[in-house]
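Coordinate analysis (summary)
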Amino acid sequence: MRVATWQRFGPLAEWRSLRGLFTGLAALGLVVLVVLALTTDRFLSVENIKAILSSASIVGIMALGLTFITLIGSLVSLAIAATAVMGAMVFLVELNLGLVPALAISMAAGAAVTALQGLIIGAWGANPVILTIGAGFLLSGITTKASGGVIVQPTGGSWETLNSTPLGVPLGVYVMVALALLYQFVLKRTVLGRRVILIGENRDAARAAGMRIPRITAIAFAIAGASFALGGAFLGAFNKGASAQLEGTATFDVIAAVLVGGTLISGGRGSALRTLAGAIVIATISDLLLLRGFDTGAQILLKGVLVVVVVLATWVASGREGTA
Amino acid sequence: MSPAESMPRLELRGLAKSFGAVRAVRGVSLAIAPGEIHGLCGHNGAGKSTLINMLAGNVAPDAGEILLDGAPQSFAGPRDAQRAGIATVDQELSLVPTLSVAENIVLGEVGAGLLRHARRTRRRAAGLLAKVGLEDVDPDTPVDELSIGTRQLVEIARALGRDAGLLILDEPTATLSDVEIERVFRAVRGVAAQGCAVIFVSHRLGEIIGLCDRVTVMRDGDKVLDADIGEVSADGLVEAILGEQLQPAPHRKLDPRESPIALSVEGLGVPGRLADFSAELLGGRIYGLAGQVGAGASDVLRALAGLVPAATGRVRLAERRLPLGDAAGIRSCGVGFVSGDRKAEGLFIGRSILENLTVAQLGRIARGGRIGGREEMQRGRELAEAAHVPTERLGEPVGVLSGGNQQKALLGRYLLHSGVEVLLIDEPTRGVDVGGRAAIHELLREAARQGQIVVFASSELDELLELGETIITMRSGRVIATYAEGSSREDLLSDLTHREGVAA
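The rules we used
- Residues numbered from 1 in each chain as written.
- Chains lettered and ligands numbered in written order.
- Predicted model: local features only at pLDDT ≥ 70, side-chain atom pairs only at ≥ 80, totals over all residues.
- Helix = DSSP H or I, 4+ residues; strand = E, 2+ residues; numbered from the N terminus.
- Rg over C-alpha atoms; globule rule 2.2 N^0.38 Å.
- Buried ≥ 20, exposed ≤ 12 C-beta atoms within 10 Å, placed from the backbone.
- Contact = placed C-beta atoms within 7 Å.
- Nonpolar A, V, L, I, M, F, W, Y, C, P; charged D, E, K, R; others polar.
- Pairing = 2+ DSSP bridges.
- Axes fitted to C-alpha atoms, helices over the stretch in contact; angles between N-to-C directions.
- Core = buried A, V, L, I, M, F, W, Y, C linked by C-beta atoms within 7 Å.
- Parallel < 35°, antiparallel > 145°, perpendicular 65-115°, else oblique.
- Left-handed = near helix turned anticlockwise from the far one by under 90°.
- Domains from an automatic or database assignment.
- pLDDT = per-residue confidence, 0-100.

The next thing to look at is the overall build of chain B. Counting secondary structure elements, chain B contains 18 helices and 20 strands. For 504 residues, the compact-globule estimate of 2.2 N^0.38 gives 23 Å, and the C-alpha radius of gyration of chain B, at 24 Å, lies within 12% of that figure. Oriented by its inertia axes, the alpha-carbon framework of chain B measures out at about 75 × 50 × 45 Å. Counting every position in chain B, which comprises 504 residues, the buried fraction comes to 51%.

Laid out in structure tokens, this is it:
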């Protein structure tokens, strides 16, 4: 029955009503979305829904991985695009070994470079934002140098499998959904997932309880890195090649998907299914704006507004409220 | 003193407040005279906090009146209450750690201008600090360099600076050592002597009896006792609080069961905090480390738990050397640690009671890394029963529990053959009410009966004497004496306070 500290300070007391405001805003947003959807030509066509899902898939795959980093309390990685590019290049270069080995090598490479960052963050409490910016530059430098600045071409033909559309739906969509279910299971029903969430909830308490924070952080980052590389492989297949400049805004699209899903930026609360929803919501809105003839600028603007509103709403709803 | 002498400073008439179906305060009337120190006690959840929150302007009453010096008040928020002359000091500290003591003291004052005269502020702060016995604290010191106890005194100085007619102290001593408590008492008596009325909330009945003029006991939202302090005994207070006849306390004599395990500590040290701590600790016994804040008792526990990277020394548990500075490594050797700061370093406050109970035993429940829902629930129920936490609430966030139940839920993770042979507990009953305190002491005794080595640190003499079988007194990071069989309050007090003042 205690009153939380932030409520005790005069003007902040009114912030409580923010929760109502955000609920209202969310409801309003939903209504606008539905009305727009119903009044937009071609939106409800099967073709368009497939298009939405397929444009959500690559960002979604990477965002599902990032969810682990955010949940464990390490905010976000800013090396997502650089890791994806590396993943794409490794995948394309190793394709002569066959599709599955190429994918495995690419994901292992992504996992390794990202796990190393996680280890440093977990063991020495490095700032994840700064460290991953550094790692991102480092990776970009390496991929640029290694590729000689030209587009890396596939060394085998099996990349086309990634672009296939079983039952008319792109393979990436299946992979995204499967990954979401797998990660949801890992987070909710395994010792690893439980520890990730508890560390994100309260790192000091986790340390006092004897959890191996560096190791678990490294594993969470490894899962994220493998997912970035997998997304990169799909990207490379989609573009039939990869250059160091590939997909400049990927990092922020992926972060936006996690945050719009409603995973708490400070960690401890969120889920893989939320991230899946976040990726789909963003893709839906982009698609709507596209169909309605808005330009790219408007799409980016709206994405920004959405992220800000949802992040604030998540923070308010996470209820930094009094406990008994 | 004045014509107001017959007029109460604070009068409550039929004050009531409900939260949903919960009637937190049910029509409480009360009068407190100027200069009176009025004790307020009761269980967690008895309605004390709600009553205080109404007085502080945090919560609006559903019914009833608050009168100050005879004038009816209505507070729209904490600022109104402050303006009316009510100053509140909370158990949870609200100082800004990065600001100086002086800046904190003037922070948030009603009617303060935007710009301040730094020198005047500092002088005013120094004057207020002197009133609470902190003459030796430089007003320019950043608050985060002060001990918790000193911060509490700074909070009181801040409240004094607001020319309050009514000072509310909500469990100010919960985190203090006995020497610091004495300072707080002196400060409170000084304020009261100047005509300020004081409401003093505490779970520690000895403090209520030693300090207050009158006492009010609340239970289930009602006032069940309101008497001059001379008319009540400690047992009478406990009965009023619990609402039942007190059972004769179980005798604290335990089976001196010989347990094969032993924790041998040689030359444990932490630079600047702890020097050369050595002891041979045996299974089945409860060891109490006695010390004021900063005396080193907590440091012993933290170092043994692997939470101090700089710790040195040799510690062996059953011939196995503990890796000092590696909390996870030490935990896997069978050492469990319960922090004195439950919210910051103990519980996962937003997670369920169940997850908090099973956190240290996931390995037992999981198969191939997978947590079975049914197995976890089963284990959670067993642990909740062992720890006396309500089993029907396992799914709720642990933060909804009262302080006592939170502490039990925290201890629960190391019960029932969890693989923990050494249980380290820092301040086992901080912020816990009378009923919870007895239950927690019993849990620790049961743990010792099961053969665990139980080591706790406490700054509370009553707790040490009640619970500790062997008591080790500490001061300034050194061991002063070890009492294997019986020690008196006087022994401990003289060991703890021999030198002037406390280590900063």
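Our next topic: the interface of chain B and chain A. The partner chain A presents 27 residues to the 39 residues of chain B that form the contact. Among the secondary structure elements, those contributing two or more residues to the side of chain B that touches chain A are α1 (48–55), α2 (78–83), α10 (327–332) and α11 (342–346) of chain B. The element that contributes the greatest number of residues to the side of chain B that touches chain A is α10(B), accounting for four residues. In terms of residue class, the side of chain B that touches chain A is made up of 20 nonpolar, 13 polar and six charged.

Residues and elements named next belong to chain B. The strand order across the open sheet built from six strands is β16-β17-β18-β13-β19-β20, with neighbouring strands paired in mixed fashion. The two strands at the open ends of the sheet, each matched to only one other strand, are β16 (335–338) and β20 (478–483). For this sheet the average axis-to-axis angle between neighbouring strands, irrespective of direction, equals 20°. Two elements, strand β19 (residues 470–475) and β20, share five bridges in a ladder whose sense is antiparallel. Opposite R475, over in β20, you have R478 as the bridge partner.

Residues and elements named next belong to chain B. Pairing of strand β11 (residues 262–270) with strand β14 (residues 312–317), which is carried by five bridges, proceeds in the antiparallel orientation. When the sheet's bridge partners are listed, V265 is paired in β14 with V315. Where β14 lies against strand β15 (residues 320–321), two bridges are found, and the strand directions are antiparallel. Residue R316 lies in a different strand from β15, and its bridge partner there is R321.

This part covers the sheet that holds strand β7 (residues 166–170) of chain B. Residues and elements named next belong to chain B. An order of β6-β7-β8-β3-β9-β10 is seen for the six strands of this open sheet, with the pairing classed as mixed. Strands with a single pairing partner mark the edges of an open sheet, and in this sheet they are β6 (86–89) and β10 (222–228). Strand-to-strand, the axes of this sheet are offset by a mean angle of 15°, without reference to chain direction. Sheet strands touched by helix α6 (residues 178–193): β3 (37–41), β7 and β8 (197–201). Its angle to β8, the strand with the most contacts, is close to 150°. With respect to the sheet, helix α8 (residues 234–242) is in contact with β3, β9 (214–219) and β10, its orientation differing from that of β9 by roughly 30°.

Turning our attention to the pairing of strand β17 (residues 422–426) of chain B. Residue and element names in this part refer to chain B. In terms of residue burial, β17 counts as a mostly covered element, since five of its five residues are buried. Across the two faces of β17 the burial is the same, with V422, L424 and D426 and L423 and I425 all buried. Relative to β17, β16 is paired through four bridges, and the arrangement is parallel. Residue G336 lies in a different strand from β17, and its bridge partner there is L423.

Let us look at the nonpolar core. Core analysis: the largest hydrophobic core is formed by 171 residues, its most contacted members being V335(B) and L424(B). Looking at which element gives the most residues to this core, the answer is helix α10 (residues 213–239) of chain A, with 17 residues. Residues within four places of L424(B) in sequence aside, it is in contact with L301(B), L304(B), A305(B), V335(B), G336(B), F337(B), V338(B) and V455(B). V28(B), I168(B), L169(B) and A192(B) belong to the second largest nonpolar core, which has 69 residues in total.

Residues and elements named next belong to chain A. Where helix α11 (residues 250–260) contacts helix α13 (residues 296–317), the axes come no closer than 9 Å and their chain directions differ by 40°. One finds that α11 runs oblique with respect to α13. The interaxial crossing formed by α11 with α13 has left-handed handedness. Taking contact as the criterion, the partners of A256, L259 and V260 in α11 are, on α13, K303, L306, V307, V310 and V311. Looking at the contact of α11 with α13 residue by residue, the class counts come to seven nonpolar, no polar and one charged.

All names here are of chain B. Segmenting chain B into domains produces domain 1 (3–242) and domain 2 (262–497). Put simply, the middle of domain 1 and the middle of domain 2, counted by C-alpha atoms, are 32 Å apart. In this complex, domain 1 contributes 19 residues to the contact, which on the side of domain 2 involves 17 residues. The set of elements that each furnish at least two residues to the side of domain 1 that touches domain 2 consists of α5 (148–160), α6 and α8. A class-by-class count of the residues in the side of domain 1 that touches domain 2 yields six nonpolar, ten polar and three charged.

Attention now moves to the environment of I216(A). Residues and elements named next belong to chain A. Turning to its location among the elements, I216 is positioned in helix α10. Of the residues examined, I216 has 21 C-beta atoms within 10 Å and is grouped as buried. In this structure, the C-alpha to C-alpha distance between I216 and A298, residues 82 residues apart in sequence, is 40 Å. When neighbours within four sequence positions are excluded, I216 is seen to be in contact with R195, V196, I199 and M211.

What follows covers the confidence of the model for chain B. Residue and element names in this part refer to chain B. Summing up the model confidence of chain B, the mean pLDDT is 84 and the portion of residues at 70 or higher is 91%. Below a pLDDT of 50 lies the segment residues 499–504, which in the model reaches eleven contacts outside its immediate sequence neighbourhood of four places, other chains included. As a predicted assembly, this complex carries a pTM of 0.73 together with an ipTM value of 0.85.

Here the focus is the confidence of the model for chain A. When the pLDDT values of chain A are averaged, the result is 86; 90% of them are 70 or greater. In the model, residues 1–16 of chain A has pLDDT below 50 throughout and makes 30 contacts with residues more than four positions away in sequence or in other chains.

With that out of the way, let us pick up the packing of helix α4 (residues 80–93) of chain A against helix α6 (residues 128–147) of chain A. All names here are of chain A. At a minimum axis distance of 8 Å, the contact between α4 and α6 shows a crossing angle of 30°. Overall, the two elements α4 and α6 adopt an arrangement that is roughly parallel. Judged by the twist between their axes, the crossing of α4 over α6 is left-handed. Residue-level contacts link A82, T83, V85, M86 and M89 of α4 to G136, L139, S140, T143 and S147 of α6. Looking at the contact of α4 with α6, its residues break down into five nonpolar, five polar and no charged.

So, about the environment of V400(B). Examined against the element boundaries, V400(B) turns out to sit in the loop between α14 (373–387) and α15 (403–412). According to the C-beta neighbour criterion, V400(B) is partly exposed, with 15 such atoms within 10 Å.

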